[in-house]
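A structural walkthrough
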Amino acid sequence: MYKIKEGMLSWLLHKITGVAIVAYLIIHIWSMAKMSKGPEAFNAVIETYKTTLFRAGEVLLLGAILFHGLNGFRLILAEFTAWASKRHKLLIYLTYVLAVVLFIIGGWFMWRAEG
Amino acid sequence: MQVTVEVFRYDPDTDESRFDTFIKEVDPKDRVLDVMMAIKDEDDGTIAFRKSCAHGVCGSCAMEINGLNRLACQVLIQDLKSKRIHIRPIKGMKVLRDLIVDMEAFFAGLEKVKPYFIPGEPAPAAEYHQSVKDRAVFDETTKCIMCGSCTTSCPSFRWFNREFVGPAAFVKAHRFIFDSRDGGNEERLGVLDDKNGLWRCHSIYNCTDACPREIDITKAIGDLKRYTVIHR
């Protein structure tokens, strides 16, 4: 198998998180449609959102969006400035560090908040 | 030191492939090509692979060595930091025999970008003039030896689309598009700004890593992306 280096790992993660975000969007629109059917339906959907599975999913969604957004920003920099392209490894690691730090902070607040 | 060399074998007559293993006594400063030649001389004369200059100039001996595209003549055994050497043909091309692949798809991509000088209009009365500064813009991309390491390391080419013109063709395009004397940019931009062109590059940097001439290919492709966005 061809060795997976930094750039390729970021590309694979970018694809995976991108698909995950689209999957979330479908669930989101579907649940919004359900909610619009009245107060009982609204409450039922909110109850589902309070389950541990959904709350964990929301935290993971934050991770996916953080990585996808930061990596997307890195790619724009890399493709539009020679400066960033020459320093691609440094910027990739910076993306990982930023994504993880923000994920831990944001995830902690999300998980701690009342469901 | 002793190394275990696993070499990909393919016999077109029987259409069977396998890995052959050889245990070789080598010097850490031997190159992978030296070990391959020793295997061919001492163990199995039927192993087929391309080689010519053996000094990183001709680009014949590109192969996948321990999971990375490299020229066998440039990799020292000690640099592999492993006693197991796994050798495969470069990927994404039809294997003709053992480590020899059909390079047609690679050269087809190169031809698309018209990798030759197209005179600008109007041609100067005497010789073309070019400043040192203008020459330096494309200096790096003149170094390509067309070994195919970059294109066959690229997942966009290997996994998704063999019609993708590929990093090597972009390097050639860069060499002529940024040449102040050349006048064929409009023709080349048509090929680059196409569904099989520049935008299939996702800045994965496998090509930059694989290039035996240390051309910063992804940066060159970035230069072309900017140029295309501005000029088309």
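Residues numbered from 1 in each chain as written. Chains lettered and ligands numbered in written order. Predicted model: local features only at pLDDT ≥ 70, side-chain atom pairs only at ≥ 80, totals over all residues. Heavy atoms only, no water.

**As for the overall build of chain B**
Basically, it comes down to this: The numbering of helices and of strands both runs from the N terminus, where a helix is a DSSP run of H or I of at least 4 residues and a strand a run of E of at least 2. Note on exposure labels: buried denotes an accessible area under 20% of the residue type's maximum, exposed denotes more than 50%, and partly exposed covers the range between, all computed with a 1.4 Å probe on protein chains only. Contacts are assigned to residue pairs that have any heavy atoms within 4.5 Å of one another. For the charge count, each Lys or Arg is scored as positive and each Asp or Glu as negative, with His and the chain ends excluded. By convention, charge coordinates are those of NZ in Lys, CZ in Arg, CG in Asp, or CD in Glu.
A tally of regular secondary structure across chain B gives nine helices and seven strands. Principal-axis analysis of the C-alpha atoms gives chain B an extent of 60 × 35 × 30 Å. The buried share among the 232 residues of chain B stands at 53%. Put simply, 63% of the contacts in chain B that link residues at least 6 apart link residues at least 24 apart. Mean positive and mean negative side-chain charge positions of chain B (34 and 36 charges, respectively) differ by 3 Å.

**Some thoughts on the pairing of strand β3 (residues 62-65) of chain B**
Residues and elements named next belong to chain B. This is how it is decided: At least two DSSP bridges between two strands are needed for those strands to be called paired.
Burial along β3 is two-sided: the residues Ala62 and Glu64 and Met63 and Ile65 are all buried. Pairing between β3 and strand β4 (residues 68-71): four bridges, direction antiparallel. Along β4, the bridge assignment pairs Ile65 with Leu68. Linkage of β3 to β4, two consecutive antiparallel strands, is achieved through a turn of two residues, within which Asn66 is found at a positive phi near 45 degrees. Relative to strand β5 (residues 84-88), β3 runs antiparallel, the two being bridged by two bridges. Paired with Glu64 across the strands is Arg88, a residue of β5.

**A look at unusual backbone geometry**
All names here are of chain B. Look at Asp15: it is not a glycine, yet its phi comes out positive at around 60 degrees. Tracing the sequence through the fold places Asp15 in the loop between β1 (2-11) and β2 (16-25). When its relative accessible area of 55% is taken as the criterion, Asp15 is described as exposed. The phi dihedral of Ala54 falls on the positive side, at around 65 degrees, and the residue is not glycine. Looking at where Ala54 falls in the secondary structure, it is placed in the loop between α1 (32-43) and β3. Its relative accessible area of 11% is what places Ala54 among the buried residues.

**What to know about the pattern of salt bridges**
Pairing between side chains of opposite charge can happen when their charged atoms approach one another. Note the following rule: For this document, the term salt bridge refers to a Lys or Arg side-chain nitrogen within 4 Å of an Asp or Glu carboxyl oxygen.
As enumerated under the stated definition, the model contains 23 salt bridges over all chains in all. For A:Lys50, the salt bridge goes to A:Glu47, with nearest N and O atoms at 3.8 Å. Overall, A:Lys50 belongs to the partly exposed group, its relative accessible area being 41%. The partly exposed category is assigned to A:Glu47, whose relative accessible area is 48%. When the shortest N-O distance is used, the salt bridge between B:Asp209 and B:Arg70 registers 3.4 Å. In this pair, B:Asp209 sits in helix α8 (residues 206-210) while B:Arg70 sits in strand β4, placing the two residues 139 residues apart along the sequence. Relative accessible area serves as the criterion here: at 23%, B:Asp209 is assigned to the partly exposed category.

**Regarding the domain arrangement of chain B**
All names here are of chain B. Our working rule: Either an automatic procedure or a domain database provided the assignment from which the domain bounds are taken. Two parts placed together each lose some accessible area; with a 1.4 Å probe, that loss summed over both constitutes the buried area.
The domain architecture assigned to chain B consists of domain 1 (2-101) and domain 2 (104-230). Listed per partner, the contact involves 14 residues of domain 1 and 15 residues of domain 2. Counting each side, the surface lost to burial between domain 1 and domain 2 is near 1,100 Å², with a carbon and sulfur contribution of 54%. The largest per-residue losses of area from domain 1 upon contact with domain 2 belong to Asn69, Gly92 and Met93, which jointly make up 40% of the total buried on that side.

**Points about the interface of chain A and chain B**
Heads up, the rule is: Polar contact is the term for a pair of N or O atoms within 3.5 Å; when the atoms are in protein, one must be able to donate a hydrogen and the other to accept it, and sequence-neighboring residues count only if both atoms are side-chain atoms.
Facing 19 residues of chain A, the contacting portion of chain B comprises 27 residues. When the area that chain A buries against chain B is broken down by residue, the three leading residues are A:Tyr2, A:Trp11 and A:Glu79, summing to 39%. Along the contact surface separating chain A from chain B lie two salt bridges. Of the charged contacts in the structure, one is a salt bridge between B:Lys225 and A:Glu79, with a shortest N-O distance of 3.0 Å. Remark: the boundary between chain A and chain B carries nine residue pairs in polar contact (both at pLDDT 80 or more).

**Notes on a nonpolar patch on the surface**
All names here are of chain A. Put simply, the rule is: Patches were defined on residues exceeding 30% relative accessible area and lacking a salt bridge, with like-charge contacts within 9 Å and nonpolar side-chain contacts (Val, Leu, Ile, Met, Phe, Trp, Tyr) within 5 Å. Using the Shrake-Rupley algorithm and a 1.4 Å probe, accessible areas are obtained, with residue cover drawn only from the displayed protein chains.
Together, Met1, Ile4, Leu9, Leu13 and Ile16 give the surface a local cluster of nonpolar side chains, amounting to about 490 Å² of exposed area. With respect to the helices and strands, the residue Leu13 is situated in helix α1 (residues 6-35). According to the relative accessible area criterion, Leu13 is partly exposed, its value standing at 30%.

**Some points on the environment of A:Leu77**
Residues and elements named next belong to chain A. Along the polypeptide, Leu77 turns up in helix α3 (residues 52-80). Note on Leu77: relative accessible area 29%, which makes it partly exposed. In this structure the C-alpha to C-alpha distance between Leu77 and Trp108, which are 31 residues apart in sequence, comes to 30 Å.

**A closer look at the sheet that holds β2(B)**
Residue and element names in this part refer to chain B. What counts here: Lines fitted to C-alpha atoms define the axes here, with helix axes fitted over just the stretch in contact, and angles between the N-to-C directions of these axes take values from 0 to 180 degrees.
One open sheet holds the five strands; their spatial order is β2-β1-β5-β3-β4, and the pairing between them is mixed. At either end of the open sheet lies a strand with only one pairing partner, and these are β2 and β4. Each neighbouring strand pair of the sheet contributes to a mean axis angle of 30 degrees, computed without reference to strand direction. Each of β1, β2, β3 and β5 is contacted by α1, which is oriented at about 100 degrees to β2, the strand it contacts most.

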